[in-house]
2 protein chains.
Amino acid sequence: MDELVAKKISEPPGVAAWPNTAAEAAVAGDGDGDALELVELFFFAYRDFVGDADRLLENYGFGRAHHRVLHFVNRRPGLTIAALLDILRITKQSLNRVLKQLLEAGFVEARAGVVDRRQRLLYPTPQGATLARDLAALQSARFRKVMDELPPAARGAASKFLFAMIDSGERERVRAHLACAKAAGAAT
Amino acid sequence: MDELVAKKISEPPGVAAWPNTAAEAAVAGDGDGDALELVELFFFAYRDFVGDADRLLENYGFGRAHHRVLHFVNRRPGLTIAALLDILRITKQSLNRVLKQLLEAGFVEARAGVVDRRQRLLYPTPQGATLARDLAALQSARFRKVMDELPPAARGAASKFLFAMIDSGERERVRAHLACAKAAGAAT
DNA sequence: TATTTACGTCAACTATATTGACATAAATCT
DNA sequence: AGATTTATGTCAATATAGTTGACGTAAATA
């Protein structure tokens, strides 16, 4: 590692690899200040955002990993393992431990795929749906409160902002996921 | 993504099984739908946001924990252990492991407090400051790109939005931190 | 029939966090 | 001066969430 470090340090060429923004920032001095402030605000906002759910999950002996799985299964009933792995960006081994617990605890159930029987389609049980809803309620309550606090003009900006924060290559995927989840919700 | 869509389509049986929750969500009002969308956007946005830094940190054998410590030490040189623990909300044992590595690798240095010699005041070394700046550059570059993509009217909204997302009891603390960091930054 | 795909599973390991107990030096109170 | 509190370090055990790699199996597909 030290050699990597040394390499990095002794690497004025690295400057070229930097986003020119770094150079600009250095020149501009505090021009970066605002962006840095956003970096920290994002950190604090996310910390508090997940904190709500964490506290509720403790009562069930679950963690954030369970929350994510339950959330996406609930949002998109019939989700396959592969699709879930793709959303969460974790390995199947990692997912498996958490998913197994959710299955055994009766919060999620898996049915064999109809069109492709190798697939396991994941559905929330009524119990799972309830917990998912409670968790979502906490988090969307925070968003609603935020929207109330915000000047009306700023309200629509939040989702635009968050969407723009996503890797551009990922946006279509996310958009499709949202549309799909919305359809599932609307269908009922 | 295509597979997601395909699977979704080939899934009429799932529809029947669809959730009570979704139903309830629909009943609970679609105001929730928007909030739910924000919840997921926040998840994806944060995932990609930290991803940038993660990739750079790998070159140094560091993880997110090191990043957070280095970041705040760099933003607020002279930070005490207690202040850092308060920001990060972790235990001293957890901090210690990471901090020790940063100290040993020469990215951070600790000096005895002047007014209170029990305290260890943390400072970035030149090496640490460089890495911190590189990491920050990646992340603020993302923010700047986002701002460029956003309609001008929405730009100011981002920091208001993020600030409103923070626990109300924490906002003063965060505001103070930002002010302090800004002052420290101005010195450089 | 042969191969690929979707998934499960065992094992070993890493990173990040926790709780609890105890140690030490410096500051502060009485 | 002596007792106590404070700021920090450290050892040990544990939990959670993730990783890579290897191997297995049933079902779809070429």
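The rules behind each value
Every chain is numbered on its own, with residues counted from 1 as its sequence reads. Throughout, the order in which chains and ligands are written sets their labels, letters from A for the former and numbers from 1 for the latter. Residues qualify for local features only when their pLDDT is at least 70, as the model is predicted, and side-chain atom pairs are given and counted only at 80 or more; totals for whole chains, interfaces and linings, by contrast, use all residues. To get the side-chain values, all heavy atoms of the structure are used, and hydrogens and water are removed first. Any residue with a non-hydrogen atom lying within 4 Å of a molecule or strand is treated as near it. Within 3.5 Å is the distance limit for a polar contact, defined as a pair of N or O atoms, with the added protein rule that one can donate a hydrogen and the other accept it, and that residues adjacent in sequence qualify only through two side-chain atoms. Three classes are used: nonpolar for Ala, Val, Leu, Ile, Met, Phe, Trp, Tyr, Cys and Pro, charged for Asp, Glu, Lys and Arg, and polar for all others, with Gly counted as polar. Any Lys or Arg side-chain nitrogen located within 4 Å of an Asp or Glu carboxyl oxygen qualifies as a salt bridge. A fitted line through C-alpha atoms serves as each axis, taken over the contacting stretch for helices, and the angle formed by two N-to-C directions is quoted from 0 to 180°. Numbering of helices and strands runs from the N terminus; a helix is a DSSP stretch of H or I covering at least four residues, while a strand is a stretch of E covering at least two. If an angle is under 35 degrees, it is roughly parallel; if it is over 145, roughly antiparallel; if it lies from 65 to 115, roughly perpendicular; otherwise it is oblique. When the near helix sits turned anticlockwise from the far one by under a right angle, the crossing is termed left-handed; a clockwise turn instead gives a right-handed crossing. Contact between two residues is taken to exist if any of their heavy atoms lie within 4.5 Å; hydrogens are not considered. Expected span of a helix, by definition, is 1.5 Å for each gap between consecutive residues, and there is one gap fewer than residues. Relative accessible area decides the class of each residue, using a 1.4 Å probe on protein chains only: under 20% of the type maximum gives buried, over 50% gives exposed, and in between gives partly exposed. Throughout, nonpolar core names a set of buried Ala, Val, Leu, Ile, Met, Phe, Trp, Tyr and Cys residues whose side chains join them through atoms within 4.5 Å. Source of the domain bounds: an automatic or database domain assignment. Confidence scores labelled pLDDT are given residue by residue by the predictor and lie between 0 and 100. Centre distance within 6.5 Å is the pairing criterion for rings of Phe, Tyr and Trp, where only the six-membered ring of Trp is used; planes under 30 degrees apart are then read as stacked, over 60 as edge-to-face, and the remainder as tilted. Any Lys NZ or Arg CZ found within 6 Å of a ring centre and within 35 degrees of that ring's normal is scored as a charge over the ring.

Caption draft 1: View of the protein's contact with DNA strand D. In the region of DNA strand D, 24 residues are neighbours, and A:Arg68, A:Arg97, B:Lys92, B:Arg118 and B:Arg120 sit closest. Between DNA strand D and B:Ile81 there is a distance of 3.4 Å, counted from a phosphate oxygen to a backbone nitrogen or oxygen. Interatomic distance of 2.4 Å between a side-chain N/O atom of B:Arg118 and a base oxygen of DNA strand D. Classifying every residue of the surface near DNA strand D gives four nonpolar, nine polar and 11 charged.

Caption draft 2: Seen up close, the pattern of salt bridges. Counted according to the given criterion, the structure contains 28 salt bridges over all chains. In this structure, B:Asp116 and B:Arg118 form a salt bridge, with 2.9 Å as the shortest nitrogen-oxygen distance. B:Glu170 is the salt-bridge partner of B:Arg173, the closest N and O atoms lying 3.3 Å from each other. What you see here is one network of salt bridges that share partners, running through A:Arg47, A:Asp48, B:Asp86, B:Arg89, B:Glu170 and B:Arg173.

Caption draft 3: Looking closely at the packing of helix H5 (residues 64-75) of chain B against helix H6 (residues 81-88) of chain B. Residues and elements named next belong to chain B. Two elements in contact, H5 and H6, have axes whose closest approach is 11 Å; the angle formed by their N-to-C orientations is 125°. As summarised for this structure, H5 and H6 are arranged oblique, according to the angle between their axes. The two elements H5 and H6 meet at a crossing, and its hand is right-handed. In this structure, H5 uses Arg68, Val69, Phe72 and Val73 to contact H6, whose residues at the interface are Leu84, Ile87 and Leu88. Taken together, the residues that form the contact of H5 with H6 break down as six nonpolar, no polar and one charged.

Caption draft 4: Broad picture of helix H8 (residues 126-149) of chain A. Taking 1.5 Å as the rise per residue, H8(A) with 24 residues should run 34 Å; its terminal C-alpha atoms sit 34 Å apart, in good agreement. When H8(A) is considered as a whole, its buried residues turn out to be A:Gly128, A:Ala129, A:Leu131, A:Ala132, A:Leu135, A:Ala136, A:Gln139, A:Ser140, A:Arg142, A:Phe143, A:Val146 and A:Met147.

Caption draft 5: View of the environment of B:Ala112. All names here are of chain B. With respect to the secondary-structure elements, alanine 112 resides in strand E1 (residues 108-112). Through-space distance from the C-alpha of alanine 112 to that of threonine 80 is 9.8 Å; in sequence the pair is 32 residues apart. In this view, alanine 112 contacts Arg117 and Gln119; residues no more than four positions away in its chain are not counted.

Caption draft 6: Structural context of the side chain of B:Thr125. Position of B:Thr125 among the secondary structure elements: in the loop between strand E2 (120-124) and helix H8 (126-149). Assessed through its relative accessible area of 12%, B:Thr125 is described here as buried.

Caption draft 7: Seen up close, the side chain of B:His177. Along the chain, B:His177 turns up in helix H10 (residues 171-187). Each residue touching B:His177, except ones within four places of it in the same chain, is listed here: A:Glu40, A:Phe44, B:Phe72, B:Arg76 and B:Ile87.

Caption draft 8: Molecular detail of the nonpolar core. Counting 101 residues, the largest nonpolar core has A:Phe42, A:Phe161, B:Phe42 and B:Phe161 as the members making the most contacts within it. Residues lining this core come from more than one domain, with at least three contributed by each of domain 1 (64-133) and domain 2 (151-188) of chain A. Apart from residues no more than four positions distant in its own chain, A:Phe42 is found in contact with A:Leu162, A:Met165, B:Phe42, B:Ala45, B:Tyr46, B:Phe49, B:Phe143 and B:Leu162.

Caption draft 9: Focus on the confidence of the model for chain A. On average, residues of chain A score 82 in pLDDT, and 80% of them are at 70 or above. Counting interchain partners and residues more than four positions distant, the pLDDT-below-50 stretch residues 1-31 of chain A has 25 contacts.

Caption draft 10: Fine view of the packing of aromatic side chains. Taken as a whole and judged by the stated rule, the model has 27 aromatic pairs over all chains. Taken together, a centroid distance of 5.9 Å and an interplanar angle of 45° make the contact between A:Phe44 and B:Phe72 tilted. Placement of A:Phe44 in helix H4 (residues 33-58) and of B:Phe72 in helix H5 is noted, with the two residues assigned to different chains. In this structure, A:Phe44 and B:Phe72 share a single accessibility class: buried. Ring centres 5.2 Å apart and planes at 85° place the aromatic pair A:Phe62 and A:Phe107 in the edge-to-face group. Here A:Phe107 lies in the loop between helix H7 (92-104) and strand E1 (108-112) and A:Phe62 lies in the loop between H4 and helix H5 (64-75), a separation of 45 residues in the sequence. In this structure A:Phe62 comes out as buried when scored by relative accessible area, which is 13%. On the basis of relative accessible area, A:Phe107 is assigned to the buried category, the value being 5%. Put simply, the rings of A:Phe42, A:Tyr46, A:Phe49, A:Phe143, A:Phe161, B:Phe42, B:Tyr46, B:Phe49, B:Phe143 and B:Phe161 touch in pairs and so form one group of aromatic residues. Here the basic side chain of B:Arg111 rests over the ring of B:Tyr123, its NZ or CZ set 3.8 Å away from the ring centre.

Caption draft 11: Layout of the packing of H8(A) against helix H9 (residues 152-165) of chain B. Orientation of H8(A) relative to H9(B), taken along the N-to-C sense of each, is 130°, at an axis distance of 9 Å. Overall, the two elements H8(A) and H9(B) adopt an arrangement that is oblique. Note that H8(A) runs across H9(B); the crossing there is right-handed. Here A:Arg142, A:Phe143, A:Val146, A:Met147 and A:Glu149 of H8(A) come into contact with H9(B), specifically with B:Phe161, B:Ala164 and B:Met165. Classifying every residue of the contact of H8(A) with H9(B) gives six nonpolar, no polar and two charged.

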